[in-house]
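# What the coordinates show
Read off the chains here:
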Amino acid sequence: MSTSAKLPARRGLRPAHFVFLAWALLLAAMPFLADNYFVRLATFVAMYSALALSWNFIGGYTGYPSFATAAFVGLGSYTGAVLQNAGAPMVAAWVCATLFTGLVAALIGAAILRMKGHYFAVGSITLIEVLHQVASLWSSVTGGGEGLNVPILAGGPDFAGRVFLYAMLATLLLVWAVTLWVDRSKLGFGLRCISQNEDAADMVGIQVNRYKTVAFTLSALFCGTVGAIYASWVSYISPSDAFSVLLTLKVPAMAMLGGLGTVYGPIVGAAAFVLMEETIWAHFLDYNQAILGVVIVLLILFLPGGFLKIDYRRLWRRPPPARPAAPAASALSAAVTGEKAEKGEKADKAAAAPLATFAREGRS
Amino acid sequence: MSHLLEVRNLSKSFGGLQATKDVSFTLDEGEIVGLIGPNGAGKTTLVNLITGVLSPSAGSIVFRGRDVSRQRPWQAARSGLARTFQIVQPFPQMTVLENVAAGALFAGAASSRAQAEREAMEHLEFVGLADQALRPATALTLPSRKRLELAKSLAMKPKLLLLDEVNAGLNTAEIDKALALMRTIAARGITILLIEHLMKVVTSLSTRVLVLHHGELISQGAPQAVLEDPKVVEAYLGSKFAARLAAQAQETGVEHV
């Protein structure tokens, strides 16, 4: 049929791929360019990018506001630490921690994903508290409140710094590859349907519960990896450090900052967030968390689609002479109201929707 | 011969309210059957039971020889049961094309997203929405959204299409277009159960009509016969009017079935 000619051209992500790979190379080159402080910073950037991308599976594509990130990071770090203390080689401990975290997430997800909206959010945050208590009370395995020491990697701080940087970068590249696949696959399409109208998704033949569980498991899997690597890196973990509520709030904030349900939004958001945190509000020790709160509120109010949803070309275009309205202001207001009328074709990435929903739910 | 759909003694109650009472009927392949009844008669509940949104309290549903009483909506969708909603249910932020492609990909025969979009385009052309394919679903007008629902259901390659008030809120010209569409769909061999308030649509399309009232099937048969059934007249217009009409009919010597 002649219809194929009318099919829409997919917006290519190719330039973005190159930018990302260049960015990953820059992070990888950090040990050769700068001192250990920057190596550490690059490791954090890679780590948070991997976490934000992980969260994106459930929070971005599927539209389920999960706050379970810290639960899975903590679970991964304890699993890795316990295994390493039992004599497992470091990398084997990381792999096992990943698989174990994924398994736990699949079992828990099948249960708590029956809840929606606020209920799911509360359910997922409860998970952190439950695991926190387990880690605190099961002293024979976890060391209880005293925490757990993890064998320090031999070879000196410079060598260790590189190993953990490359481990985090490898994890990031892995999550990125999985995200690329999900974004194009039937799975990703189904998840986007679920995020927009779960009942209608069910009606068109999507196995909603199975899809959501897969998304939840994917979102947990690499948190487990990151947690285990983190435990080896800092070589000491305690319940309150491993199951940190602050982490669970930061990661979704990063993904939102960049753009939900997109391949690169969470990466941009995580990088921007870590760098801002490091350069600006780390200097205000007392107000650190308060500033994070303000950032989240501003984000919801003024940038519901994240950085990647701003129409940058419109920012540069000069305003038409007849209309005095500044283009920057109108682009911003379009972003605020979630107005999509003029950007018809761009609505194919439905990233703005879940955040707008969060914003609304958050305010109600 | 075996029927395409066989509903046996189907009942559904919500607490004390019995929304469907002991309903039995059959649909044969290629039929267009109208389902009518006053507001609150239980028409949508019946559709929800058939498509797995609700589970019956009693009774059974057999579709293409299989008992499907307990199937989930996604299973219903894949087994060849498609429906449109009285209140349209699009994926709001997706394009019209993607909405239809979802039907083709998850319930229909499409094997990839690209193929699903090609098929979706054909269905959009069929319902006359091809030029809107790239707009977000929310940008459509109500009649267009109804057509989108129709295209989405068709993309699911249904054997039985349940149309829940696809014509509500349309004007006369739009209804005529919708009628023509439905005739073409039926000509493709898709069986249609038409839930409808507009008698014009029911009488001009249906080969058979089912009438629900307070959850019970009070009458079924050819459209004209059903509309003259005193029980149906009573359900719609009250007992007084039904009695008067019956008396009138006797005077003029019209026979009732």
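This is a predicted model, so every value here is computed, not measured.

### Overview of the nonpolar core
Within the largest apolar cluster, 146 residues are counted, with the highest numbers of intra-cluster contacts made by M47, Y48, L51 and F216 of chain A together with L161 of chain B. With near-sequence residues (within four places) excluded, M47 of chain A lies in contact with M168, V226, Y230 and W233 of chain A. L27, V33, V47 and I195 of chain B belong to the second-largest nonpolar core, a separate cluster that totals 26 residues.

### Here we look at helix α3 (residues 96-106) of chain B
Taking burial as the measure, the eleven residues of α3 of chain B include eleven buried ones, the bulk of the element. Packed against the buried residues of α3 of chain B are α8 (186-196) and α10 (208-234) of chain A together with α2 (73-79), α4 (113-127) and α5 (142-155) of chain B.

### Side note on the side chain of S66 of chain A
Examined against the element boundaries, S66 of chain A turns out to sit in the loop between α2 (36-61) and α3 (69-85). Here the side chain of S66 of chain A touches A68 of chain A through a polar contact of 3.1 Å, landing on its backbone nitrogen.

### Regarding the UniProt feature "transmembrane region" (unreviewed entry) in chain A
All names here are of chain A. Residues annotated by UniProt as "transmembrane region" (unreviewed entry) correspond here to residues 12-31, 67-86, 92-113, 159-182, 213-233, 253-275 and 287-308. Helix makes up 85% of residues 67-86 and strand 0%, with an end-to-end C-alpha separation of 30 Å. The span residues 92-113 is 95% helix and 0% strand, and its two end C-alpha atoms sit 30 Å from each other.

### A word on the pattern of salt bridges
Tallying each qualifying case throughout the model produces eleven salt bridges over all chains. D164 of chain B is the salt-bridge partner of R83 of chain B, the closest N and O atoms lying 3.9 Å from each other. Here the residue R83 of chain B occupies a position in strand β6 (residues 81-84), and D164 of chain B occupies one in strand β7 (residues 160-164), the gap between them amounting to 81 residues. D164 of chain B carries the same exposure label as R83 of chain B, and that label is buried. E119 of chain B is the partner of K157 of chain B in a salt bridge, and the nearest nitrogen-oxygen pair spans 3.6 Å. Linking K157 of chain B in the loop between α5 and β7 with E119 of chain B in helix α4, this pair joins segments that are 38 residues apart in sequence. If you follow the salt bridges from partner to partner, you end up with K116, E198 and K212 of chain A in one network.

Criteria and thresholds
Residues numbered from 1 in each chain as written. Chains lettered and ligands numbered in written order. Predicted model: local features only at pLDDT ≥ 70, side-chain atom pairs only at ≥ 80, totals over all residues. Heavy atoms only, no water. Core = buried A, V, L, I, M, F, W, Y, C linked by side-chain atoms within 4.5 Å. Buried < 20%, exposed > 50% of the residue type's maximum accessible area, 1.4 Å probe, protein only. Contact = heavy atoms within 4.5 Å. Helix = DSSP H or I, 4+ residues; strand = E, 2+ residues; numbered from the N terminus. Polar contact = N/O pair within 3.5 Å; in protein donor to acceptor, adjacent residues only side chain to side chain. UniProt positions renumbered as here; feature names shortened; annotations may be inferred. Salt bridge = Lys/Arg side-chain N within 4 Å of Asp/Glu carboxyl O.

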